[in-house]
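# Structural description and commentary
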Amino acid sequence: MTTPNMEPTPTRKGILLGLAAVALAAFFVVIHVLALPAKLRYPGELNFIEGQVMVEMIHLRQGVPIYAPPSAQGYDAANFGPLYYMVGARLVDPQKPAYLPLRVLSLLGVLVCAVVASLMAFRLSRNWLAALLAPLLFLSYGLVFRHGASARSDMVALFLVFTGFTVAHRFRTSRALLLAVPFMLGGFYYKQQFVAGPLAVLIFLLLEKRFRLAAEFTGLMVLGGLAFLAVIQYVIFPGQAFLRHFVLYNLLPFTEESLLLGIGFFALILLVPLLVSLEFLRACPDRLVKCYLVCAFTLSMLTVARAGSDTYYFLECVLVSSILFAALLAKRIVEPARAVELLVLLIVTLFVGQWFRASSPSTEDFRQDKAVQDYLQQHFPPGTPALSYYAGDIVRAGLALPFTNLYHYNQLIRKGVVSDRDMTGLLAKHHFGAVVLDFDLEKEGVNYYTEYYLTQTIRSAIQVNYQLATVLEMPGPEKLREEAKFYVWVPRTPAEGKSQSAALAR
């Protein structure tokens, strides 16, 4: 384990290559930044779970037990970290729900990640070029602003865990390394995803044969985690099933489709950065960083295979590889011939990194979102119970949403945790004043999208007890597929219900 020495003064050509690298990365960052105002102002959902978590935060603020087991009264998935919900509940106004405060918080997480990346890159290379290029490279990736500009928990959790890792790296030769524990625990209880950092620290200490410090680090992580868990379970949310939501309800099955998505993303976006990162660690060995790199990539490939996963599982890989890529380029800048090779790889990385960039909401998206809100507000009284996967649209219109996450509820039914009899019973009683779907229930058969968040039994119950009232255009940012629209269903009269039941039986 060594720290790179100060490099010789680069030549004029080397300086120009360094400036070119910075300018290229900055160009893509500017593109993302220019799209931010429209994303921040857009009142609808930018990301598939924005509305669901916002509604759960509103429920928490209203005193609803969001960690209660699923029942006929409702279900809040609340499957992210409790700190996320507790912070968000203070930011969202239940009377005027809006995503803006949560999106700003997420963006602050992005900026802190970039700052810490800059500090880490300088520490590894002792070069100001690396300190400038690392955050720009990180911010240039499309998926960073795709998730970072939405009301998600990823970026705040990542900055907490990565800050903890940076502290551990800074004090890796002493017991002050234990100062990393509070940051890592905070990140874990904000979102239980980024565990590569603490795992890397533990492996590093074991490889270094510093068993006492490894035991102390593990003990603090475990005891601190259990103490925090006890406070959450028995003090903040007494009598609720917090642990079941936090752990068991998150154990979704692995799917081939999600695994193929992860493999494709890795091959297209991260293979080159990983190889460059390994080359830096070959030239400038750092055992702790190497442990982190290997843990981050390995865990990302394993967890992305879960049903419902997305590219946010690779955010940690993007962050650490951006740091090492910048550090290697800064080291090679004194050798222009080799720096040109890296510059070419950087260009490739920058361009393919735009693959998962989310476009800015258009004027038409704003208009369609307003049309949806106008229709719901004009046709349903405030507080009307509704059933929909698109939670944010429902609650912003003043309706109530007892079941915040139909995807998770559907998974619990398929796993046998709950029965779909509760839901079909509610539908038979016309408990919901509106059912808002994103597929044509009358024309589409069994496919991925109809099965995504409703079982066949529940879909049949909707057809028997409800009738289609209207079809609304869906704003682009909310679409799971291009042809998606909003199909609004309302309760049938008893006579219509019997007629539809007989028709379906035939």
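Residues numbered from 1 in each chain as written. Predicted model: local features only at pLDDT ≥ 70, side-chain atom pairs only at ≥ 80, totals over all residues. Heavy atoms only, no water.

## Comments concerning the overall build of the chain
Looking only at helices and strands, one finds 23 helices and four strands in the chain. Taking 506 residues into account, the globule formula puts the C-alpha radius of gyration at 23 Å, and the chain, at 25 Å, falls close to it. Referenced to the eigenvectors of the C-alpha coordinate spread, the extents of the chain come out at roughly 85 × 50 × 40 Å. Classification of the 506 residues of the chain by burial places 56% in the buried group. A fraction of 77% describes how many contacts in the chain between residues 6 or more apart in sequence connect residues 24 or more apart. Working note: accessible area of the chain is about 20,900 Å², and carbon and sulfur atoms make up 65% of it. (Helix = DSSP H or I, 4+ residues; strand = E, 2+ residues; numbered from the N terminus. Rg over C-alpha atoms; globule rule 2.2 N^0.38 Å. Buried < 20%, exposed > 50% of the residue type's maximum accessible area, 1.4 Å probe, protein only. Contact = heavy atoms within 4.5 Å. Areas by Shrake-Rupley, 256 points an atom, 1.4 Å probe, with all protein chains shown as cover.)

## Quick look at the sheet that holds strand 3 (residues 466–473)
Taken together, the four strands give an open sheet; going across it, the order is 1-2-4-3, and neighbouring strands pair in mixed fashion. With partners counted over all chains shown, the strands left at the sheet margins are strand 1 (386–388) and strand 3, one partner each. Neighbour-to-neighbour, the strand axes of this sheet turn through a mean angle of 20°, independent of strand direction. In the sheet, strand 1 pairs with strand 2 (residues 434–437) via three bridges, with the strands oriented parallel. Bridging across to strand 2, Leu387 finds its partner in Val435. (Pairing = 2+ DSSP bridges. Axes fitted to C-alpha atoms, helices over the stretch in contact; angles between N-to-C directions.)

## Observations concerning the pairing of strand 2
Side chains of strand 2 alternate between two faces, with Ala434 and Val436 and Val435 and Leu437 buried alike. Here strand 2 pairs with strand 4 (residues 485–491) via three bridges, running antiparallel. Across the sheet, Leu437 pairs through a bridge with Tyr487, a residue of strand 4.

## Let's talk about unusual backbone geometry
Within the chain, Arg126 stands out as a residue other than glycine whose phi angle is a positive 55°. As for its position among the elements, Arg126 is in the loop between helix 5 (100–125) and helix 6 (128–140).

## Structural notes on the packing of helix 14 (residues 287–303) against helix 15 (residues 315–332)
Two numbers describe how helix 14 lies on helix 15: the axes approach to 9 Å, and their chain directions differ by 145°. The crossing of helix 14 and helix 15 is left-handed. Contact residues: helix 14 offers Val289, Tyr292, Leu293, Ala296, Phe297 and Ser300, while helix 15 offers Glu316, Cys317, Val320 and Leu324. Class assignment for the residues of the contact of helix 14 with helix 15 results in eight nonpolar, one polar and one charged. (Left-handed = near helix turned anticlockwise from the far one by under 90°. Nonpolar A, V, L, I, M, F, W, Y, C, P; charged D, E, K, R; others polar.)

## Notes on the side chain of Asn405
Assignment of secondary structure puts Asn405 in the loop between helix 18 (391–396) and helix 19 (406–414). For Asn405, a relative accessible area of 5% puts it in the buried group. At 3.2 Å, the side chain of Asn405 and the backbone nitrogen of Tyr407 are in polar contact. (Polar contact = N/O pair within 3.5 Å; in protein donor to acceptor, adjacent residues only side chain to side chain.)

## Considerations on the pattern of salt bridges
Applying the stated criterion across every chain yields a total of 20 salt bridges. The shortest N-O distance in the salt bridge between Asp310 and Arg146 comes to 3.2 Å. Highlighted residues: Asp310 in the loop between helix 14 and helix 15 and Arg146 in helix 7 (residues 142–148), separated in sequence by 164 residues. Judged by relative accessible area, which is 13%, Asp310 ranks as buried. Between Glu451 and Arg414 there is a salt bridge whose closest N-O contact spans 2.9 Å. With a gap of 37 residues between them, Glu451 in helix 21 (residues 448–451) and Arg414 in helix 19 connect regions that are remote in the sequence. (Salt bridge = Lys/Arg side-chain N within 4 Å of Asp/Glu carboxyl O.)

## Quick word on the packing of aromatic side chains
Applying the stated criterion across every chain, the model contains 33 aromatic pairs. Each ring, one from Tyr67 and one from Phe237, has its centre 4.8 Å from the other, and the planes form 75°; the classification is edge-to-face. With Tyr67 in the loop between helix 3 (50–61) and helix 4 (82–91) and Phe237 in the loop between helix 11 (211–236) and helix 12 (242–246), the pair connects residues that are 170 residues apart, well separated along the chain. With relative accessibility at 4%, the residue Phe237 sits in the buried group. Among the aromatic residues, ring-to-ring pairing joins Tyr67, Phe188, Tyr189, Phe228, Phe237, Phe242 and Phe246 into one connected group. We note Lys191 situated over the ring of Tyr313; from NZ or CZ to the ring centre the distance is 5.9 Å. (Phe/Tyr/Trp six-rings, centres within 6.5 Å; stacked < 30°, edge-to-face > 60°. Lys NZ or Arg CZ within 6 Å of the ring centre and 35° of its normal.)

## Examining helix 5
Its 26 residues give helix 5 an end-to-end C-alpha distance of 37 Å, which sits within 8% of 38 Å, the value for a rise of 1.5 Å per residue. Once helix 5 ends, the next one or two residues include Arg126, with phi positive near 55°. (Expected span 1.5 Å × (residues − 1).)

## Thoughts on the pairing of strand 4
The buried fraction of strand 4 is high, at five of seven residues. Both strand 3 and strand 4 contribute to a ladder of seven bridges, which runs antiparallel. Across the sheet, residue Leu468 finds its bridge partner in strand 4, namely Trp489.

## Some thoughts on the nonpolar core
Counting 172 residues, the largest nonpolar core has Phe138 and Leu427 as its most contacted members. Counting residues per element, this core draws most heavily on helix 15, which supplies 13 residues. Apart from residues lying up to four places away in sequence, Phe138 is in contact with Val110, Cys113, Ala114, Val144, Met155, Leu315, Val318, Leu319 and Ser322. (Core = buried A, V, L, I, M, F, W, Y, C linked by side-chain atoms within 4.5 Å.)

## Thoughts on a nonpolar patch on the surface
Taken together, the side chains of Leu100, Val104, Leu108 and Leu111 define a hydrophobic patch exposed on the protein surface, amounting to about 330 Å² of accessible area. Note that Leu108 resides in helix 5. Given a relative accessible area of 47%, Leu108 falls into the partly exposed group. (Patch = residues over 30% accessible without salt bridge, like charges linked within 9 Å, V, L, I, M, F, W, Y side chains within 5 Å.)

## Notes on helix 14
The terminal C-alpha atoms of helix 14, which comprises 17 residues, lie 24 Å apart, in line with the 24 Å expected from a rise of 1.5 Å per residue. Tucked into the core, helix 14 has its buried residues touching helix 5, helix 8 (154–170), helix 10 (196–207), helix 13 (256–283) and helix 15.

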